[in-house]
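Descriptive structure summary
Okay, here's what each chain looks like letter by letter:
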Number of protein chains: 2
Amino acid sequence: MPLPSQPIPPGGTIGILGSGQLGRMLALAAGKLGLKTHVYCDASGPAFDVATARTTAKFDHPETLAAFARTVDAVTYEFENIPLATVRFLEALVPVRPGAKALACAQDRLNEKRLARELGAGTADFAAIDSAEDLAAELARIGMPSVLKTRRFGYDGKGQVKITAASEAAAAWQAIGQQPAIIEGFVKFDCEVSVIAVRGSDGTYAAYDVTLNEHREHILHRSTVPAGLAPATAARAVDIARRIGDALDYIGVFAVEFFAVDGDVLVNEIAPRVHNSGHWTMDACLVSQFENHIRAVAGWPLGATARHADAEMINLIGPEAAEWRKIASEPGASLHLYGKREARAGRKMGHINRLRPARSLK
Amino acid sequence: MPLPSQPIPPGGTIGILGSGQLGRMLALAAGKLGLKTHVYCDASGPAFDVATARTTAKFDHPETLAAFARTVDAVTYEFENIPLATVRFLEALVPVRPGAKALACAQDRLNEKRLARELGAGTADFAAIDSAEDLAAELARIGMPSVLKTRRFGYDGKGQVKITAASEAAAAWQAIGQQPAIIEGFVKFDCEVSVIAVRGSDGTYAAYDVTLNEHREHILHRSTVPAGLAPATAARAVDIARRIGDALDYIGVFAVEFFAVDGDVLVNEIAPRVHNSGHWTMDACLVSQFENHIRAVAGWPLGATARHADAEMINLIGPEAAEWRKIASEPGASLHLYGKREARAGRKMGHINRLRPARSLK
């Protein structure tokens with residue numbers, strides 16, 4: 001279905017696949033703009049509580065998907081692990097933004113890395129792994145330590161195993177389930193950074209300031225702006241993201257995660273969605289990543305990505321959210337909670353944005 | 001029912017009476033904090049689209065009100081013209097914040113003015129009017145021009161008539177329906193300002209910066225901070241609001257509208273709710289008036305009322321909202337739309353907040 005040339009007017013409805021916290025914050029941003037939301041997910045979640053309409057159904061149920069499509073003016077999604085077939089089915093009925101092309105690429109670590117190389121960006125050494133023999137051969141070529149990752153469905157460190165000696169290879173191949181994989185050379189990076197970018201339905205592009213990311217146990221712990229990169233390095237990261245967005249005919253917000261090494265940046269991952277490392281934009285910018293995604297999906301003009309403050313975002317993981325009352329008392333801190341019932345270990349329950357008067361604005 | 005000493009934890013539910021744009025923005029703010037909402041109104045409206053649960057029923061239906069009360073941890077309201085009996089009925093079942101005492105005062109212009117005088121604040125000359133004879137007598141005492149206003153159910157210039165000559169008195173008394181009224185001497189003010197204040201369940205008090213307000217055809221057109229008042233005058237307005245909040249045992253956000261005259265402020269109106277002249281706090285402060293109201297209602301610590309920018313709020317009335325696409329393109333502007341279907345004349349469809357780097361912060 002061709003994309004409509006007219007924007008979705010206020011009062012229109014954005015369909016969102018997925019009911020997690022990203023869907024919740026997208027729905028809240030749509031609400032600010034006078035748009036309705038219809039959240040579709042195979043299980044209820046935080047986004048249901050703030051959505052105009054909710055559907056609980058499997059992602060491979062054509063009748064329910066078709067009924068959903070009839071109630072919305074465009075569809076987007078809050079996570080990349082929805083079936084590609086679902087997006088392709090919906091695309092025949094209603095605009096889906098970003099489209100299947102972007103999703104197909106970002107669902108596969110191998111495709112991501114190949115795209116980055118094609119666009120002239122650096123990555124870690126990598127190779128496709130389809131067998132124990134592949135793994136042994138590529139480990140010998142790339143060297144160790146290396147990281148074996150499933151090509152699909154990995155996040156927050158899931159689906160990956162570090163290999164430090166050839167003797168560990170067989171166990172690693174077992175551990176990831178002997179499925180199509182990628183082996184990546186271990187990068188001794190200076191730091192991890194990300195670019196949160198947005199591309200409009202007319203190809204316009206904007207990016208928020210590069211963000212410094214720190215992980216704990218493979219889960220994002222802290223994001224900070226400014227990231228402290230040299231301006232030329234930051235500009236290169238923003239430009240790589242632009243090329244990725246153009247190559248994927250992307251519409252909406254996406255994140256590119258990089259390793260910063262010796263003044264250059266290596267592409268690590270592409271996320272075809274709003275991203276945890278962009279949550280600081282909710283308080284440090286007039287237009288957040290969530291609002292800009294909704295604007296792009298609705299065919300509206302993009303909003304400014306400038307920030308008015310330096311910022312730090314801290315994730316509240318599992319029991320850390322029990323400190324909400326203390327955090328709520330902290331001047332200069334903005335508390336965001338996702339309304340999740342159980343504070344299970346490793347579960348993202350909310351985040352704090354701490355602002356400081358900007359010393360680093362151009 | 002005594003107020004609970006424990007705050008309502010994340011995941012709890014705030015009941016909201018009224019489904020207009022103020023209820024909508026309250027629900028969005030509750031969503032940021034991980035709280036659910038249940039909106040109750042006699043007609044569907046913009047707040048329904050972002051609420052977790054909705055009830056459409058009359059405000060005098062005890063069974064439905066009781067069922068509503070069972071689903072929520074506290075109740076608040078977005079407008080002051082709900083029946084006092086509704087609030088009293090609910091108060092027996094669940095905490096209602098602000099309480100009936102505050103609502104009873106703010107529903108009656110005469111009570112408001114008397115309270116202000118009792119607290120040592122100035123007001124326009126005023127008198128109670130219960131008959132054509134009262135009106136004739138008080139017009140002679142106060143002089144003209146004067147304004148005859150119904151004691152109850154007035155907003156945006158409704159329920160009031162200006163009287164410039166004694167010969168107009170009989171028609172004015174007819175025009176407002178010969179109901180209990182108040183006559184007020186016309187104040188030649190320098191400007192109109194308001195204080196948006198919040199009082200917590202523990203009696204803590206905070207106020208946003210005094211706001212300058214300009215009306216068009218009795219509807220708020222523009223609010224600006226800083227207001228340009230002398231610091232002592234602004235401090236006096238903030239202090240009067242504090243005394244009003246204390247006197248009413250108030251919990252939540254409220255607005256006090258003043259006339260600024262010759263370096264003093266005269267109390268004009270008290271609004272027991274979030275207020276249109278506080279919409280700039282949504283973008284110029286880390287914690288908006290809506291979030292602070294929800295925090296107070298939930299028994300949470302109040303958030304900081306500091307602003308990081310100078311700001312101007314412009315209401316989008318009726319067809320003005322058709323300019324949304326142009327406004328969405330404007331850097332430095334934040335667009336808020338309420339999702340109302342019909343852009344009827346005089347209807348508040350949304351607002352714009354325009355920020356400028358703060359030159360006026362202490």
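Just so we're clear, the structure is a prediction, and the values are computed from it rather than from any experiment.

Criteria and cut-off values
- Residues numbered from 1 in each chain as written.
- Chains lettered and ligands numbered in written order.
- Predicted model: local features only at pLDDT ≥ 70, side-chain atom pairs only at ≥ 80, totals over all residues.
- Helix = DSSP H or I, 4+ residues; strand = E, 2+ residues; numbered from the N terminus.
- Buried ≥ 20, exposed ≤ 12 C-beta atoms within 10 Å, placed from the backbone.
- Contact = placed C-beta atoms within 7 Å.
- Nonpolar A, V, L, I, M, F, W, Y, C, P; charged D, E, K, R; others polar.
- Pairing = 2+ DSSP bridges.
- Axes fitted to C-alpha atoms, helices over the stretch in contact; angles between N-to-C directions.
- Least-squares fit on C-alpha atoms with pLDDT ≥ 70 in both.
- pLDDT = per-residue confidence, 0-100.

Residues and elements named next belong to chain B. Assignment of secondary structure puts phenylalanine 126 in strand S6 (residues 126-129). You can call phenylalanine 126 buried: it has 22 C-beta atoms within 10 Å. The sequence separation of phenylalanine 126 and valine 265 amounts to 139 residues, and the corresponding C-alpha distance is 16 Å. Beyond its immediate chain neighbours, meaning those up to four positions away, phenylalanine 126 contacts Lys113, Ile182, Ile183 and Glu184.

Contacts between chain B and chain A engage 36 residues on the former and 35 residues on the latter. Broken down by secondary-structure element, the contributors of at least two residues to the side of chain B that touches chain A are helix H1 (21-32), helix H11 (324-328), strand S17 (333-337) and strand S18 (348-357) of chain B. Partitioning the side of chain B that touches chain A into residue classes produces 17 nonpolar, 11 polar and 8 charged.

Strand pairing within a sheet occurs via backbone hydrogen bonds; the two strands may be parallel or antiparallel. Residues and elements named next belong to chain B. If you walk across this open sheet you meet the 4 strands as S6-S9-S7-S8, and the pairing is antiparallel. Since the sheet does not close on itself, it has two edges, and those belong to S6 and strand S8 (160-163), each with one partner. Recorded for the sheet is a direction-independent mean angle of 20 degrees between the axes of neighbouring strands. Looking at chain direction, S6 and strand S9 (residues 181-185) are connected through 4 bridges and run antiparallel. Residue pairing for S9: alanine 128 is matched across the bridge by isoleucine 182. Across the face of the sheet, helix H5 (residues 109-118) comes into contact with S6, strand S7 (146-150) and S9 while running at roughly 50 degrees to S9.

With an RMSD of 0.0 Å, the fit of chain B onto chain A corresponds to turning through 180 degrees and sliding 0.0 Å along the axis. What the superposition gives is, in effect, a two-fold axis relating one chain to the other. Proximity to the rotation axis, assessed at the C-alpha, singles out valine 50 of chain B in chain B; its C-alpha lies 2.5 Å from the axis. When the interface residues of chain B are mapped onto chain A, 97% of them again fall at the interface, so both copies present the same face.

Taken over all residues, the pLDDT of chain A has a mean of 95, while the share at 70 or more is 97%. Among the scores for the predicted complex, ipTM is 0.95 and pTM is 0.96.

Residue and element names in this part refer to chain A. One open sheet accounts for 4 strands, arranged S6-S9-S7-S8; its pairing is antiparallel. Each edge of the open sheet is held by one strand with a lone partner, namely strand S6 (126-129) and strand S8 (160-163). Mean inter-strand twist for the sheet, computed between neighbouring axes without regard to direction, equals 20 degrees. The pairing of strand S7 (residues 146-150) with S8 spans 4 bridges and is classified as antiparallel. Residue valine 147 lies in a different strand from S8, and its bridge partner there is lysine 162. The strands touched by helix H5 (residues 109-118) are S6, S7 and strand S9 (181-185); relative to S9, the strand with the most contacts, the crossing angle is about 50 degrees.

For S17 of chain B, the tally of buried residues reaches 5 of 5 residues, placing the bulk of the element in the interior. In S17 of chain B, alternate side chains face the same way, and those of Ala333, Leu335 and Leu337 of chain B on one face and Ser334 and His336 of chain B on the other are all buried.

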